[in-house]
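Spelled out from the first residue to the last, the chains are:
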Amino acid sequence: MKDLKHLLYFENLLQEAQNELILQAQSEGKVCVAYVCENTPEPLLNLPGAFSTRLRAPRTGSMEMATYYMTSFLCEYSRALLERAIEGGYNYLDALLGAESCATMERMEEHFFLINPVKHDGFFVTQIDPPMKGDQTNLDYYKAQLKLKVVDEMKNRLGVDVSDEAMRKAIEQHNELSRIITEIGNFRKLDNPPITGYEFHVIQLVSLVCPKYLILPYLRETAKEMKTRKPDAKWPFRCKVVLAGSENDDPDFTKLVESCGAEVVCDRYCYGAVESRQPIVVEKGEDPLYAIAKHYLKTSNCPRFMPQDEMRARKQRLADLVKEYNADGIIVCSNKFCEYWSYERVVDTVVLKRDFGIPVCSIEKEYINTASGQLRTRFQAFVESVEIKKIQEGK
């Protein structure tokens, strides 16, 4: 296929946490608010005068200092972020909005104010406590958390406009971004998609880490380009898969999967678009903060939600995505020592094959995939098993 016009630019934006669009937004006087968890409402961090960036640690090397503070038995993603902060890689941040989603993430966020690794005047950390159920009581609690820990902090510490009108504008921006990403992603449902999983992963990542108002023009142009982009005459892959699991901000991991013959047509993992790029609906006369809280609580498929009905619904959701995107199987990946996805991955491996007849490849990976040879062997074997299954079924 012909290269996407802005793909190289997007790839360059992902080389550093502080990319050129962040520098541009800050030069225009806007404040940078970082976050690390999908349970964090993006629109509240993109109110007028502010912009959000989801933290990554590109090209992570040694994590010795972070390991000293956090031990080697905690997930590498959280340690990589703390290591990068200690190295001075996040000194451009004005604030970090944390979420007590898991003990590891909470501990990492606590070190951001305990050892003060970010050297930036006025930098502060605030943490929300996302509920673990989606009923009305927890929704009310979640809204109160967002008001106290996010809205009030943004207003009092950063001088950001937190009016209802400002929130509605932030929701509109979020919804436009979601429509564009979803429009691009829908091309992956075709028999011969005109976009690879790697390309989509890059596009989704820049939508998370860059100021929304600056990346939107490039995304609009990319969506328009997709309408006329022609795929290769012969489909270059051997099967299609849904990629699910924990935090994954490395497009090269998706490229590795696809180099083994499995096209990634859907991303149901942290940093993925399936859940994070759904539009927020504000009912007539509804408080926009309530609408935001309701949206994030109702659409989250995070495994920290433990009621049995929600756990079963997540399996059904994956099975539905396999059907919707015409996939042949699922690759479920969890980062080593991930508190929630470690057991979610094991349950998925059993239930999806037993109850839905879907082939599953179960992988535990590191944040930095140094064992690419071993992963390649696993993926190649999985692709072959899927092909054998298709032959047996006469497909």
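Everything discussed here concerns the structure shown above.
Worth saying up front: this structure is predicted, and the values here are computed from it rather than measured. (Residues numbered from 1 in each chain as written. Predicted model: local features only at pLDDT ≥ 70, side-chain atom pairs only at ≥ 80, totals over all residues. Heavy atoms only, no water.)

Asker: What should I look at first to understand the overall build of the protein chain in this one?
Answerer: A tally of helices and strands in the protein chain yields 16 helices and eight strands. The globule rule puts the C-alpha radius of gyration for 395 residues at 21 Å, and the 20 Å found for the protein chain is close to it. If one aligns the C-alpha atoms of the protein chain with their principal axes, the spans along those axes are about 65 × 45 × 40 Å. By the burial criterion, 58% of the 395 residues in the protein chain qualify as buried. Here the protein chain has roughly 16,600 Å² of accessible surface; of this, 52% comes from carbon and sulfur atoms. (Helix = DSSP H or I, 4+ residues; strand = E, 2+ residues; numbered from the N terminus. Rg over C-alpha atoms; globule rule 2.2 N^0.38 Å. Buried < 20%, exposed > 50% of the residue type's maximum accessible area, 1.4 Å probe, protein only. Areas by Shrake-Rupley, 256 points an atom, 1.4 Å probe, with all protein chains shown as cover.)

Asker: Teacher, can you tell me more about the pattern of salt bridges here?
Answerer: Side chains carrying opposite charge are able to pair once their charged atoms draw close together. Overall, the coordinates contain 25 salt bridges when judged by the stated rule. Of the charged contacts, one joins lysine 189 and glutamate 324 as a salt bridge, the two residues approaching to 2.7 Å between their closest N and O atoms. Pair noted here: lysine 189 is in the loop between helix H8 (164-186) and helix H9 (197-209) and glutamate 324 is in helix H14 (residues 308-324), with a separation of 135 residues, a long-range link. (Salt bridge = Lys/Arg side-chain N within 4 Å of Asp/Glu carboxyl O.)

Asker: Is there a simple way to explain the sheet that holds strand E7 (residues 329-335) in this structure?
Answerer: Where strands meet in a sheet, backbone hydrogen bonds hold them as pairs that are either parallel or antiparallel. Reading across the sheet, the four strands line up as E6-E5-E7-E8 and stay open at both edges, with parallel pairing between neighbours. Only two strands of the sheet have a single neighbouring strand rather than two, namely strand E6 (262-269) and strand E8 (360-365). The average undirected angle you get between the axes of adjacent strands in this sheet is 25°. Relative to E6, strand E5 (residues 239-245) runs parallel, the two being bridged by seven bridges. Pairing of alanine 244 across the sheet is with arginine 268, part of E6. (Pairing = 2+ DSSP bridges. Axes fitted to C-alpha atoms, helices over the stretch in contact; angles between N-to-C directions.)

Asker: Just to check I follow, could you spell out the layout of surface pockets for this structure?
Answerer: Think of a ball as big as a water molecule: rolled over the atoms, this probe shows where empty space is left. Roughly 290 Å³ of volume is contained in the largest pocket. The wall of the largest pocket is formed by 15 residues, among which Arg56, Arg59, Asp250, Pro251 and Asp252 lie closest to the centre. For the lining of the largest pocket, the secondary structure elements donating two or more residues are H9 and helix H11 (251-259). Residues that form the lining of the largest pocket fall into these classes: eight nonpolar, one polar and six charged. In this structure, the second largest pocket occupies an estimated 210 Å³ of space. Along the walls of the second largest pocket sit 16 residues, with Thr182, Asn186, Ala273, Val274 and Tyr325 positioned nearest its centre. (1 Å grid on protein atoms, 1.4 Å probe; cavity = no way out; pocket = protein on both sides within 12 Å on 5 of 7 lines; lining within 4 Å. Points joined across faces, edges and corners; volume = space filled by probe spheres on them. Nonpolar A, V, L, I, M, F, W, Y, C, P; charged D, E, K, R; others polar.)

Asker: Sorry if this is basic, but what is going on with the pairing of E7 here?
Answerer: For a regular strand, side chains alternate in direction, first toward one face of the sheet and then toward the other. Of all seven residues in E7, seven are buried; the element is thus mostly enclosed. The side-chain alternation of E7 yields two buried faces, one formed by Gly329, Ile331, Cys333 and Asn335 and the other by Ile330, Val332 and Ser334. Taken together, the five bridges between E5 and E7 define a ladder with parallel strand orientation. Within E7, the residue paired with leucine 243 across the bridge is isoleucine 331. As paired strands, E7 and E8 are joined by six bridges and run parallel to one another. Note on E8: the bridge partner recorded for asparagine 335 is lysine 365. For the handedness criterion, the β-α-β arrangement of E7, helix H15 (residues 341-356) and E8 is classed as right-handed. (Right-handed = clockwise from strand over helix to strand, strands pointing away.)

Asker: Would you mind showing me how to read the nonpolar core here?
Answerer: The nonpolar side chains of soluble globular proteins are, as a tendency, buried together. Tyr90, Phe112 and Phe379 are the most contacted members of the largest nonpolar core, which has 135 residues in total. For tyrosine 90, the contacting residues outside a window of four places in its chain are Ala17, Leu55, Arg56, Ala57, Leu81, Arg84, Ala85, Phe112 and Val118. (Core = buried A, V, L, I, M, F, W, Y, C linked by side-chain atoms within 4.5 Å. Contact = heavy atoms within 4.5 Å.)

Asker: How do you make sense of the sheet that holds strand E2 (residues 50-54) when you look at a structure like this?
Answerer: Taking strand neighbours across the sheet as the criterion, the four strands line up as E2-E1-E3-E4 in an open arrangement whose pairing is parallel. The sheet is open, and its two edges are formed by E2 and strand E4 (124-128), each paired on a single side. Averaged over neighbouring strand pairs, the angle between their axes works out to 25° when direction is ignored. Sheet analysis places strand E1 (residues 31-35) next to strand E3 (residues 95-99), joined by three bridges and oriented parallel. Across the sheet, valine 33 pairs through a bridge with alanine 95, a residue of E3.

Asker: Help me understand the packing of H9 against H11, please; the structure alone is not making it clear to me.
Answerer: Describing two packed helices takes the angle between their axes plus the distance from one axis to the other. Running from amino to carboxyl end, H9 crosses H11 at an angle of 165°, the nearest separation of the two axes being 8 Å. As the angle between them shows, H9 and H11 are arranged roughly antiparallel. Between H9 and H11 lies a crossing of right-handed hand. For the pair formed by H9 and H11, the contact residues are Gly197, Tyr198, His201, Val202 and Leu205 on the first element and Pro251, Asp252, Thr254, Lys255 and Glu258 on the second. Broken down by class, the residue content of the contact of H9 with H11 amounts to four nonpolar, three polar and three charged. (Parallel < 35°, antiparallel > 145°, perpendicular 65-115°, else oblique. Left-handed = near helix turned anticlockwise from the far one by under 90°.)

Asker: When you look at empty space enclosed by the protein in this model, what are you seeing that I'm missing?
Answerer: Tallied over the entire structure, the rule returns seven cavities of 30 Å³ or more. Space inside the largest cavity adds up to approximately 300 Å³. The wall of the largest cavity is formed by 22 residues, among which Cys102, Met105, Glu247, Cys270 and Cys338 lie closest to the centre. A breakdown of the residues in the lining of the largest cavity according to their chemical character gives 13 nonpolar, four polar and five charged. What lines the second largest cavity is a set of 14 residues, and nearest its centre among them are Glu38, Asn39, Glu275, Ser276 and Tyr296.

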